[in-house]
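Residues per chain are reported as follows:
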Amino acid sequence: MSEKLTDLFAIDVFNEATMLERLPKKTYAALKKTIQNGEDLDPSVAEVVANAMKDWAIERGATHYSHWFQPMTGITAEKHDSFINPTSDGKIIMEFSGKELIKGEPDASSFPSGGLRATFEARGYTAWDCTSPAFLREDAAGVTLCIPTAFCSYTGEALDMKTPLLRSMEALSTQATRICKLFGHDVKKVSPSVGPEQEYFLIDKAKYLQRDDLIFSGRTLFGAMPPKGQELDDHYFGCIKERVACFMKELNVELWKLGVTAKTQHNEAAPAQHELAPIYATANIATDHNQLVMECMKRIANRHNLACLLHEKPFAGVNGSGKHDNWSMVTDTGKNLLDPGKTPHENIQFLLFLSAVLKAVDLHADLLRVSAANPGNDHRLGGYEAPPAIISVYLGTQLEDVILQLIETGEAKSSKDGGKLNVGVHTLPELKKDATDRNRTSPFAFTGNKFEFRMVASSMSIGPANTTLNTIVADVLSEMADELEAATDFDLAVHDLIKKTLTEHQRIVFNGNGYSQEWVEEAERRGLPNIRSMVEAIPALVTEKAIKMFEKHHVFSAVELHSRAEIMYETYAKAINIEARTMISMASVQYIPAVIKYTKRLADSINAIKEAVPDADISVQTSLLKEISSLLAAAQTALKKLQKLVSEASSINEIDKMAIFYRNNVFPAMAELREPIDALEVLVDKDLWPVPTYGEMLFEV
Ligand code: ADP
Ligand code: MG
């Protein structure tokens, strides 16, 4: 690295510092007001900003600009326009107007809209999200000025992950601010802070390219377990391999230039699995940055002849990938509302916010579940790995004890590690951040001064998860604020409210082992939902309860929720359809022909031996030939069955029914085809096996 890291950081971002340097004072002040207070942006201000942005971008080599948005595909989209504008003398000038900055109109008919827009009404608009800074991106096509935008339909419905997130942030701010005011704090704004930890796999690109399943579906659809998996736990936090280290180094530099605070990197539990965590940021910026992290990972892996797999379960039998979404609320005065705090007065406020989160998670566990649902995550949630599909909250022994005391006696008098508390309920022990142990099996864990939502899918945008968290907490806070604002004795009312809330929602707290069968049974007794798959999770989006809540806080309209549910069904059906067809193709043209070749070789060998030495023992060859032939027949039967089911699925007209059919019929048939093929993999001559094995992919980087 030739440049100093401090100089390099955010060099490709049109951030505060750049704006301060390049914008006239008045323009800067006006824009800042819009960013901070959400006030409307004056078009004349946009004009000046656009011009400054363009000059800055061109100085750094940009030729194009692009509205960068996050449609419902879960990845980002962009359409590039060059800055050129012809002049009357046959030359060009470089131009970028305020209008072009503020609004774009991509012909967006091919993005998922869930019935919100027919193809003949292709109009979609992108609108500048000035709260997230513009940045430069360099690739083979040159340097492009990327402008983060929200994406909506002609009639104003959100068609992206960004718009609802921004709306939910406003809702949370409004309601949390009311509570802060009741406690006498002059707070104008509350923002959710988010730090997403990103897990991913890296494998050799040449091997990746030999696997149609990885190319088409992002995960291996076949593959026998190698003799060594992750049982020795020797990969976790292990020494980073040379090629991977080179990748990480370049990735960090690229991310730093984009202003992404890449901070932590290490090997994860599974072989070839790694993790990157940035320092937390405001939710919408963290969401943008996470998209950039995923994009950069893929692009830079390629440069190192690696393939980056973001799928939730690229390999059966070893850990899958997720995203831990660390979430907290911070005021414009810099206070983290989930920090237990130092004074009893603040502890009460903390207890209220804590109980609000518990209530929100208990009431809307179904919505959190669906916010983390995608086809890949079905293999993690409800499988045999972290985290389980049942949503519960881990508080740690110390905090749980305080809560129990409050529920039982109305007062918390002591904390578990022996420290005395000052007075009655108005206190909480000052929690040391590591006062309690970690619990890795909890889907929703309190970790010192934040909650860690661990269900989020590794390949998905963190938008939906945070939109949901913000809204469900805002909803509970709004009810609490209503109640407290009407109270005559505030102290007493807060006391009662905390006690009541904790009592009513205590069932969501679980500090034990989330993987155990006992927990599944206990959760059922407690009445907690156990939603095992994406198709079962989707209906939560359109319950009366969900529609009422999202509409109340102007996060989603009923129409938008229905469209999202439809997109999710469609996504599921399409993903499983692609997987099934890939399996059919791989079995038909790769595996079965290879096995036939081997059976022929075995048969030839048997005949040759018989001829050469008539009384030689050929029992090994014969029994192998028999075993392989019968597995081959089983594979063929399973293949035919899968083919039939896929064609049956395509004739179903309603999208939800189709998705359910894929889940209940096609998905199990895929497992039936995989089984004999995986069994064959360990019997057939390695030279004839048509694709790289798990061992080769996971251990040979
Ligand atoms: P772990 O040990 O679980 O990997 P870390 O301490 O590395 O957790 O933090 C994980 C993520 O949580 C990081 O992105 C970090 O910036 C973020 N984080 C830390 N504090 C907060 C907070 N108050 N709000 C939101 N995210 C936070
Ligand atoms: Mg973590």
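Remember, it's a predicted structure, so these values are computed and weren't measured experimentally.

Conventions and cut-offs
- Residues numbered from 1 in each chain as written.
- Chains lettered and ligands numbered in written order.
- Predicted model: local features only at pLDDT ≥ 70, side-chain atom pairs only at ≥ 80, totals over all residues.
- Helix = DSSP H or I, 4+ residues; strand = E, 2+ residues; numbered from the N terminus.
- Expected span 1.5 Å × (residues − 1).
- Buried ≥ 20, exposed ≤ 12 C-beta atoms within 10 Å, placed from the backbone.
- Arc of directions from axis to C-beta.
- Core = buried A, V, L, I, M, F, W, Y, C linked by C-beta atoms within 7 Å.
- Contact = placed C-beta atoms within 7 Å.
- Domains from an automatic or database assignment.
- Nonpolar A, V, L, I, M, F, W, Y, C, P; charged D, E, K, R; others polar.
- Near = placed C-beta within 6 Å.
- Pairing = 2+ DSSP bridges.

**Observations regarding helix α15 (residues 490–505)**
Compared with an ideal rise of 1.5 Å per residue, which puts 16 residues at 22 Å, α15 spans 22 Å between its outermost C-alpha atoms and is within 8% of the ideal. Listed in full, the buried residues belonging to α15 are Val494, His495, Ile498, Lys499, Thr501, Leu502 and His505. For α15, the buried positions fall inside an angular range of 165 degrees around the axis, keeping them on one side.

**Observations regarding the nonpolar core**
Proteins that are soluble and globular tend to have nonpolar side chains buried together. Core analysis: the largest hydrophobic core is formed by 191 residues, its most contacted members being Met53, Val361, Val473 and Ile538. Per-element accounting of this core gives the leading share, 16 residues, to helix α19 (residues 558–612). Apart from the residues lying within four places of it in its own chain, the contact partners of isoleucine 538 are Val370, Ala565, Met568 and Tyr569.

**Structural notes on the domain arrangement of the protein chain**
Taken domain by domain, the protein chain holds domain 1 (5–160), domain 2 (169–556) and domain 3 (570–699). Distance between the C-alpha centres of domain 1 and domain 2: 31 Å. Across the boundary between the two partners, domain 1 contributes 18 residues, which contact 14 residues of domain 2. Here the side of domain 1 that touches domain 2 is composed, by residue class, of nine nonpolar, seven polar and two charged.

**Focus: the site of ligand 1**
Gly195, Tyr280, Asn326, Ser328 and Lys450 are the nearest of the 15 residues found near ligand 1. At the level of elements, β10 (190–204), β12 (273–278) and β15 (323–331) are the ones that each hand at least two residues to the shell around ligand 1. Per-element tally for the shell around ligand 1: the top contributor is β10, with four residues. Of the residues contributing to the shell around ligand 1, the split by class is six nonpolar, seven polar and two charged.

**Some details on unusual backbone geometry**
Of note, alanine 10 is a non-glycine position whose phi angle comes to about 60 degrees, a positive value. By secondary structure assignment, the location of alanine 10 is in the loop between α1 (5–8) and β1 (13–14). Overall, the presence of 19 C-beta atoms within 10 Å leaves alanine 10 in the partly exposed class. Backbone geometry at asparagine 305 places phi at a positive 55 degrees, although glycine is not the residue there. With respect to the secondary-structure elements, asparagine 305 resides in the loop between α10 (283–303) and β14 (306–309).

**Let's talk about the pairing of strand β9 (residues 142–153)**
Of all the 12 residues making up β9, 10 are buried; the element is thus mostly covered by neighbouring parts of the structure. Direction of pairing for strand β2 (residues 62–69) relative to β9: parallel, over a ladder of six bridges. Considered in β9, the bridge of serine 66 is made with cysteine 146. Strand direction decides the pairing type here: strand β7 (residues 124–128) and β9, joined by five bridges, are antiparallel. By the bridge assignment for β9, tryptophan 128 is matched with threonine 149. Connecting strand β8 (residues 134–139) to the next strand, β9, in antiparallel fashion are two residues.

**Considerations on the environment of valine 370**
Take valine 370: it is sitting in helix α12 (residues 365–371). Valine 370 sits 12 residues away from leucine 358 along the chain, and the two C-alpha atoms are 18 Å apart. Each residue touching valine 370, except ones within four places of it in the same chain, is listed here: Ala537, Ile538, Ala540 and Leu541.

**Examining the pairing of β8**
When β1 meets β8, the two strands line up antiparallel, connected through two bridges. By the bridge assignment, phenylalanine 14 is partnered in β8 with alanine 134. Bridge analysis of β8 against β9 gives five bridges, and the strand direction is antiparallel. Across the sheet, aspartate 139 pairs through a bridge with glycine 142, a residue of β9.

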